[in-house]
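# A look at the structure
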Amino acid sequence: MNPVTASRRHYEDLAVGEIVDLGATTVSKEMIVTFASEFDPFPFHLDEAAAKASLLGGLASSGWQTAALTLRMLGDRFLNTIASMGGLGFSDLKWKKPVMVGDTISGTAAIASLRRSRHHPERGIVTIDLDIRNQHGEPVMTMRLANLVELRDPSVPLIEGENP
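Residues numbered from 1 in each chain as written. Predicted model: local features only at pLDDT ≥ 70, side-chain atom pairs only at ≥ 80, totals over all residues. Heavy atoms only, no water.

Residue placement: histidine 10 occurs in the segment before strand S1 (19–26). Not counting residues within four places of it along the chain, the set of residues in contact with histidine 10 comprises Met1, Thr5, Ala83, Val149, Glu150, Leu151 and Arg152. (Helix = DSSP H or I, 4+ residues; strand = E, 2+ residues; numbered from the N terminus. Contact = heavy atoms within 4.5 Å.)

Once that is clear, we can look at helix H4 (residues 63–77). For an α-helix, the turn length of 3.6 residues means that residues three or four places apart are oriented alike. Compared with an ideal rise of 1.5 Å per residue, which puts 15 residues at 21 Å, H4 spans 21 Å between its outermost C-alpha atoms and is within 8% of the ideal. Residues of H4 that are buried include every one of Gly63, Gln65, Thr66, Ala67, Leu69, Thr70, Met73, Leu74 and Gly75, and no others. Here the buried face of H4 lies against S1, helix H1 (29–39), strand S2 (84–95), strand S3 (104–116), strand S4 (123–133) and strand S5 (139–150). The N-terminus of H4 is capped by serine 62, whose side-chain oxygen sits 3.1 Å from the backbone nitrogen of tryptophan 64. (Expected span 1.5 Å × (residues − 1). Buried < 20%, exposed > 50% of the residue type's maximum accessible area, 1.4 Å probe, protein only. Polar contact = N/O pair within 3.5 Å; in protein donor to acceptor, adjacent residues only side chain to side chain.)

Residues of H1 that are buried: Ile32, Phe35 and Ala36. Across the axial projection of H1, the buried residues extend over an arc of 95°, all falling on one side. In this structure, H1 carries Glu30 and Glu38 as exposed residues pointing more than 90 degrees from its buried face. Those residues of H1 that are buried are in contact with helix H2 (43–46) and H4. (Arc of directions from axis to C-beta.)

In this section: the nonpolar core. Counting 30 residues, the largest nonpolar core has Leu14, Leu22, Leu74, Phe78, Ile128 and Leu130 as its most contacted members. Listed by contribution, the elements that provide at least two residues to this core are S1, H4, S3, S4 and S5. The biggest single contributor to this core is S5, with five residues. With near-sequence residues (within four places) excluded, leucine 22 lies in contact with Met73, Leu74, Arg77, Gly107, Thr108, Ala109, Leu130 and Ile132. (Core = buried A, V, L, I, M, F, W, Y, C linked by side-chain atoms within 4.5 Å.)

Reading across from one edge, S1-S3-S4-S5-S2 is the order of the five strands in this open sheet, with antiparallel pairing throughout. The open sheet terminates on both sides in strands that have one partner only, identified here as S1 and S2. For this sheet, the mean angle separating the axes of adjacent strands, direction not counted, is 25°. Here six bridges tie S1 to S3, and the two strands are oriented antiparallel to one another. Across the sheet, aspartate 21 pairs through a bridge with threonine 108, a residue of S3. Along the sheet face, H4 touches S1, S2, S3, S4 and S5 and points at about 125° away from the line of S1. (Pairing = 2+ DSSP bridges. Axes fitted to C-alpha atoms, helices over the stretch in contact; angles between N-to-C directions.)

So, in structure tokens, the structure goes:
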């Protein structure tokens, strides 16, 4: 067993339907401008006047910043508590509403599916549905992601009904 992850939850400890509260983060003007300056330098992320005149109606976080903040919350509240071996990718990313200066985002991660790796019996794959909302309960982003998770004991046979 990996000594780094020995005390963490493993694939066998996870359950479909488990919901993880991701906590909350308030997005400041400084956070938006700093992120946009380096990674997404569109005027509606950098300049208040340009942002006000845009479709967004004000200074708004980059969707990629919202995703990065979500990943941080997911890491703090879930991925760093399990025997995660890394991400496999994401799908169904939707930015539903802009995150504006002063918004507080929070959300949940729901385990949508679990399956053992076909080729690596020491690994499982957890699929997680993320639902991120602002302080008014309005959805701002949804996404599905897949992550590799260590099995505590790969010699244990598949559970009846488990997808290989």
